[in-house]
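Fold and geometry: a report
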Amino acid sequence: MKANPGGNLDPQQVYGRNDLIELLWDRLETQSILINAERRIGKTQILRKMLAEPRQGWKPIFRDLEKVHSAQEFAELVYDDVQQFLGTKERAKNFVQRFFEEHETDHVNLKSRTWKKLLTSAIEDLMKADRPERLAFFWDEVPYMVERIRHNDGPNVAAEILDTVRSLRVEQEKFRVIFTGSIGLHHVLGKLTAAGIPTSAKNDMYHVTVTPLAPHDAEILATALLNGEKITCEDIEAAASTIAAEVDYFPFYIHHVVAGLRVEQLSRQRNKRDRLRRPTTGRSSGSLATGSLPNAADLVLSQRQRREPGDFHSGCSVTHAGFD
Ligand SMILES: Nc1ncnc2c1ncn2[C@@H]1O[C@H](COP(=O)(O)OP(=O)(O)O)[C@@H](O)[C@H]1O
Ligand SMILES: [Mg+2]
């Protein structure tokens, strides 16, 4: 497996999350879910794995809401997703479509109706639909969207969005959604409360926190990456366990360290080739001995020496390990 720090992974490359994913599917049977955890811990990869391998009977639809900046845009996304799920046959019967046929001339006009009507009608239509599969909305980075809307449209609209979605969850017994957030939703709600608009937008949801990987899973990931990147060292397993422990089993940093090692190894190989071609000057280049394979400690040390301050997310507790 190639290192891919920050990119999207194939489902089989998502390590150590199977139990959590089972729990999420179990909870979804009865409740919507709020996943709150720091950025780059692996929330999106969990949702993407669930999307690619849904539990039987479910049809998840994923939306990254980080860049959504208005209530209207949000409602349109949900409307589009529901329409797509329902397909043309049911679409003809549903409320929004009827409204379109009776009152509107084109889709643009239909979509510019109030966001709340659009959102509520879409979910009501969805709940009425006779489908063997159940739709689950996976809404990634909800707090960023709410924060953006608070900034652009004001705190009232931001609170109204959360309250509308909450009402739908309460009124529509089968409506299910997973929210994720890298900034705590409670921070955003705190700002709304400070503006005089308290909302109980998350009280009915099941709360989940994502932690780093279990040590064993982190080591397997590190080994797969070291092998995939063809990193040569004396003892791959020892190197993998050192890397995993040094970054507190945080999968993003495991990818990051191995990607750095690959760059370093290539530069060592180039230096070695250059030295063989040129007459020797007696000066050494690179931080690792080039004559023998590096051991695990050398690998991690060489990465530490090269890391720029600020490379790591400030919330990551890797400082004790000597990373800035
Ligand atoms: N379970 C995992 N197995 C392997 N790598 C992972 C895993 N979870 C996250 N990663 C790595 O961490 C990066 C960030 O994960 P991501 O899901 O985007 O974080 P978040 O959504 O919490 O900000 C991914 O691009 C990948 O490199
Ligand atoms: Mg994410």
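Structural notes, computed from the coordinates. None of these values were measured; they are calculated from a predicted model.

Assigned secondary structure in the chain consists of 13 helices and five strands. Per-residue burial over the chain gives 34% buried out of 324 residues. Expressed as a percentage of contacts within the chain between residues at least 6 apart in sequence, the contacts between residues at least 24 apart total 78%.

Here we come to the site of ligand 1. Gly42, Lys43, Thr44, Pro251 and Phe252 are the nearest of the 21 residues found near ligand 1. Elements with a minimum of two residues in the shell around ligand 1: helix H2 (43–52) and helix H12 (251–277). When grouped by side-chain class, the residues that make up the shell around ligand 1 number eight nonpolar, nine polar and four charged. When residues are assigned to domains, the shell around ligand 1 turns out to be shared by domain 1 (17–209) and domain 2 (215–321), each giving three or more.

Looking now at the nonpolar core. In summary, soluble globular proteins display a tendency toward joint burial of nonpolar side chains. Residues Phe74 and Ile178 are the most contacted members of the largest nonpolar core, which totals 46 residues. Per-element tally for this core: the top contributor is helix H3 (residues 71–91), with eight residues. In this structure, Val14, Ile231, Ile254 and Val257 belong to the second largest nonpolar core, which totals 23 residues.

Our focus in this paragraph is unusual backbone geometry. For Lys230, which is not a glycine, the phi torsion comes out positive at approximately 55°. Mapped onto the elements, Lys230 comes out in the loop between helix H10 (215–228) and helix H11 (236–246). In this structure, Tyr249 takes a positive phi of about 65° despite not being glycine. Residue class for Tyr249 comes out buried when judged on the 22 C-beta atoms lying within 10 Å of it.

What follows deals with the packing of helix H1 (residues 18–28) against H2. Interaxial distance between H1 and H2 falls to 11 Å at its minimum, and their mutual angle equals 65°. As judged from the angle between their axes, H1 and H2 are roughly perpendicular. Considering how the two elements wind past one another, H1 and H2 form a crossing that is right-handed. Residues Leu20, Ile21 and Leu24 of H1 pack against Ile46, Lys49 and Met50 of H2. Considering only residue class, the contact of H1 with H2 consists of five nonpolar, no polar and one charged.

Considering the arrangement of structural elements, one finds Val142 in helix H7 (residues 142–153). Exposure remark for Val142: the 30 C-beta atoms within 10 Å place this residue in the buried category. Considered as a pair, Val142 and Thr180 are 38 residues apart in the sequence and their alpha carbons are 6.2 Å apart. Val142 has contacts with Leu65, Phe179, Thr180, Gly181 and Leu185, leaving out every residue within four places of it along the chain.

Definitions and cut-offs
- The residue count restarts for each chain, going from 1 along the sequence in the order it is written.
- To label them, take the chains in the order written and letter them from A, then take the ligands in the order written and number them from 1.
- Since the coordinates come from a predicted model, pLDDT governs what is reported: local features require at least 70, and pairs of side-chain atoms require 80 or more to be given and counted, while whole-chain, interface and lining totals use all residues.
- Secondary structure elements are taken from DSSP: a helix is a run of H or I of four residues or more, a strand is a run of E of two residues or more, and numbering for both begins at the N terminus.
- As a rule, residues whose C-beta atom has 12 or fewer other C-beta atoms within 10 Å are exposed, those with 20 or more are buried, and those in between are partly exposed; C-beta atoms are placed from the backbone.
- Residue pairs qualify as contacts under a 7 Å threshold applied to their C-beta atoms, which are placed from the backbone.
- By convention here, the C-beta atom is placed from the backbone, and a residue is near a molecule or strand when that atom is within 6 Å of it.
- By the convention adopted, Pro, Cys, Tyr, Trp, Phe, Met, Ile, Leu, Val and Ala count as nonpolar, Lys, Arg, Asp and Glu as charged, and the other residues, Gly among them, as polar.
- For each domain, the first and last residues come from an automatic or database assignment.
- The term nonpolar core means buried Ala, Val, Leu, Ile, Met, Phe, Trp, Tyr and Cys residues held together as one set by C-beta atoms within 7 Å.
- For helices, the axis comes from a line fit to the C-alpha atoms of the stretch in contact; other axes are also lines fit to C-alpha atoms, and the angle between any two N-to-C directions lies between 0 and 180 degrees.
- The cut-offs work like this: below 35 degrees is roughly parallel, past 145 is roughly antiparallel, 65 to 115 is roughly perpendicular, and the gaps in between are oblique.
- The handedness criterion is simple: a crossing whose near helix is rotated anticlockwise from the far helix by less than a right angle is left-handed, and one whose near helix is rotated clockwise is right-handed.

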